[in-house]
Amino acid sequence: MAAPCYLGWDFSTQQLKVIAIDEQLRVIYEDNVHFDKDLPEFKTQGGVYIHSDRLTVTSPVLMWVKALDMILEKMKSLGFNFSQVRALSGAGQQHGSVYWKKGSMQILKNASSELPLHQSLKACFSVSNSPIWMDSSTASQCSALEKAVGGAQHLASITGSRAYERFTGNQIAKIYSQNPEVYMQTERISLVSSFAASLFLGAYAPIDYSDGSGMNLLQIWEKVWSVSCLDACAPGLEEKLGCPVPSHSVLGPISPYYSQRYGFSPDCKIVAFTGDNPASLAGMRLQEGDIAISLGTSDTLFLWIQEPTPALEGHILCNPVDSQTYMALLCFKNGSLMRERIRDDCASGSWDEFSKALSSTVAGNNGNLGFYFDVMEITPEAVGIHRFNRDNKKVSGFPKEVEVRALIEGQFMAKRIHAEKLGYKVTTNQLDPSAATPSHFALFGQIELITVVPRTRILATGGASHNKKILQVLSDVFNAPVYTIDTANSACLGSAYRAIHGLVAETNVSLADVVKLAPEPRLAVTPTAGAEELYRPLLKRYAELEQKVIYNPTSCLAK
């Protein structure tokens, strides 16, 4: 009997990826289909079509189906033993939507194993090019939705986010208003994730809570569709969406199509698919209290939050590995390109010089603070370079080494401020039982005193996570240790982990228990003594000055 394994899929923007892992969590197979290169007949660029208005961005649904056929045929030809797969799960690019035509459920269920799936499904979609996350053509629908529910903050309080053009509810509203007959011909609307799960299930897969949180339609507290949001988008929408389910749900066994065509065991289970960002949270193995910071072209924060407070910036989603808690996403557009520009201007284009400049200046930068937004920032909405001296007076320039520190401290202070706005709490060392008096032990016993909230860990990834001096500033600003992690294919790996977890989740086993054997993150730096006391007043000042920068967007646009 072959050793059991688990598959994780990632239907991302530019490619379809798969990973197989064994019970020791070792990767035993990985592969991908690159849409532009391997499926040139669809003529996509970067996996998408950018329409002539430059706002509408779509991807052909059948390309995704054909990519799945292609990767499975390749695995079969290489002798992959599908009978050993006990469960599979997957991820899809968030917010994208797929529109199944009336009667498609029967075609999906009865697809002939003699044919590749894309041939059976070619007439199943009422919208052949799916709107995806890069689309920004729904501004009027966003305004209408916010207005219908009493404003942007109220919508965020219900669904976890204010109205965003890429969010699915607004995309559905656009299709209904522009093509009501197409909408009426649609019997089911899937997210990319639940569409992909449907292909394996041979039936319409439900939307999971976590990816469903990126639609502006789900009440994230009650985990049911918001009637007021549905009504504002299109009539009869609830029926077309189906009931959302917990992200760890086992949806059922794999469709007989895959047993007949590829030799999957009929007992192979399909665990609910989710969005790529939630799947990455699983792949990075975030736990309660953790923050993951991806320092890339844009900087992204993933937070595990117990009690979120949705705001006008950032997104609150149901947590994919623990449906009682939440995750938050914050995106900062001015990431590595901004750091590289200051490196070129102030450190002769050298990261070594950049690091020396950071080392030569003191933590807190003698009270000098800066905001560096070469392009319009999302968090907060502001643009330009804004420098303030210790007296909060605007200045036109800083010495080079002060500029370097102002940039890095500013970027990380903004991250902490906005994370805390969404309800994140930075926690330090657990309560020290030696500080308790004897009467405490008499009252509570020792155990309760030691079980306190986990201490904050920061998991850093991306280009700048290789620079220890930058990580030291991050550690000091958050007053928390920084670990580095390898996140290549984190959505795919997270999907494979979630496949294993789905089989045992009903027995109250946590994902952390399931992935104990995976490699631990590596400790990079710990906070300097006194950092919290130093940065606390600076964080307060930074937050106050940020308000000035938002509300006075015209000043100091030059370098």
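See above for the structure.
Residues numbered from 1 in each chain as written. Predicted model: local features only at pLDDT ≥ 70, side-chain atom pairs only at ≥ 80, totals over all residues. Heavy atoms only, no water.

A word on the overall build of the protein
For the protein, the count of helices and strands is 22 helices and 24 strands. For the protein, the C-alpha radius of gyration of 25 Å lies close to 24 Å, the compact-globule estimate for 559 residues. The dimensions of the protein, computed from C-alpha atoms along their principal axes, are 75 × 60 × 50 Å. Taking the contacts inside the protein whose residues are at least 6 apart along the sequence as the reference set, 72% of them involve residues at least 24 apart. In the structure as shown, the protein presents an accessible area of about 22600 Å², 54% of it carried by carbon and sulfur atoms. Side chains of the protein give 50 positive and 55 negative charges; the mean places of these two sets differ by 3 Å. (Helix = DSSP H or I, 4+ residues; strand = E, 2+ residues; numbered from the N terminus. Rg over C-alpha atoms; globule rule 2.2 N^0.38 Å. Contact = heavy atoms within 4.5 Å. Areas by Shrake-Rupley, 256 points an atom, 1.4 Å probe, with all protein chains shown as cover. Lys, Arg positive; Asp, Glu negative; His and termini not counted. Charge placed at Lys NZ, Arg CZ, Asp CG, Glu CD.)

What about the layout of surface pockets?
Here the second largest pocket defines a volume of roughly 570 Å³. W304, D322, S510, L511 and A512 are the residues nearest the centre of the second largest pocket, which is lined by 30 residues in total. Looking at the lining of the second largest pocket, the elements with two or more residues in it are strand 22 (457–461) and helix 21 (511–514). The class makeup of the residues in the lining of the second largest pocket is 14 nonpolar, eight polar and eight charged. (1 Å grid on protein atoms, 1.4 Å probe; cavity = no way out; pocket = protein on both sides within 12 Å on 5 of 7 lines; lining within 4 Å. Points joined across faces, edges and corners; volume = space filled by probe spheres on them. Nonpolar A, V, L, I, M, F, W, Y, C, P; charged D, E, K, R; others polar.)

Remarks on helix 17 (residues 400–421)
Along an α-helix, residues three or four apart share an orientation, since each turn contains 3.6 residues. With 22 residues, helix 17 should reach 32 Å at 1.5 Å per residue; the first-to-last C-alpha distance of 31 Å fits that figure. The buried count for helix 17 comes to 18 of 22 residues, which makes it a mostly enclosed element. Where helix 17 ends, the next residue or the one after it, G423, has phi of about 105°, a positive value. (Expected span 1.5 Å × (residues − 1). Buried < 20%, exposed > 50% of the residue type's maximum accessible area, 1.4 Å probe, protein only.)

Quick notes on the sheet that holds strand 23 (residues 482–484)
Two strands in a sheet stick together by hydrogen bonds in their backbones, pointing the same way (parallel) or opposite ways (antiparallel). Strand order in the open sheet made by the seven strands is 17-18-16-15-22-23-24, with mixed pairing throughout. Pairing within the sheet leaves two strands with one partner each, and these edge strands are strand 17 (315–318) and strand 24 (522–525). Pairwise comparison of adjacent strand axes, ignoring direction, gives a mean angle of 30° for this sheet. Lying over the sheet, helix 14 (residues 276–283) contacts strand 16 (299–305), strand 17 and strand 18 (326–332), oriented at roughly 110° with respect to strand 18. (Pairing = 2+ DSSP bridges. Axes fitted to C-alpha atoms, helices over the stretch in contact; angles between N-to-C directions.)

Examining the sheet that holds strand 4 (residues 49–50)
Spatially, three strands are ordered 4-5-8 in an open sheet, and the strand pairing comes out antiparallel. Only two strands of the sheet have a single partner each, and these edge strands are strand 4 and strand 8 (129–131). In the sheet, strand 4 pairs with strand 5 (residues 57–60) via two bridges, with the strands oriented antiparallel. Bridge pairing in strand 5 places Y49 opposite T58.

A word on the pattern of salt bridges
All told, the structure shown has 23 salt bridges when counted by the stated rule. Between D299 and K415 there is a salt bridge, and its shortest N-O distance comes to 3.1 Å. Taken together, the residues span a long stretch of sequence, with D299 in strand 16 and K415 in helix 17 at a distance of 116 residues. Of the two residues, D299 and K415, neither departs from the other in class, the shared state being buried. Notably, a salt bridge pairs K540 with E544, separated by 3.0 Å at the nearest N-O pair. Placement of both K540 and E544 in helix 22 (residues 531–551) is noted, with a separation of four residues, approximately one turn of the helix. In this structure K540 comes out as exposed when scored by relative accessible area, which is 55%. On the accessibility criterion, E544 (43% relative accessible area) is partly exposed. Three or more residues are tied together by salt bridges with common partners; here these are R416, E420, E532 and R536. (Salt bridge = Lys/Arg side-chain N within 4 Å of Asp/Glu carboxyl O.)

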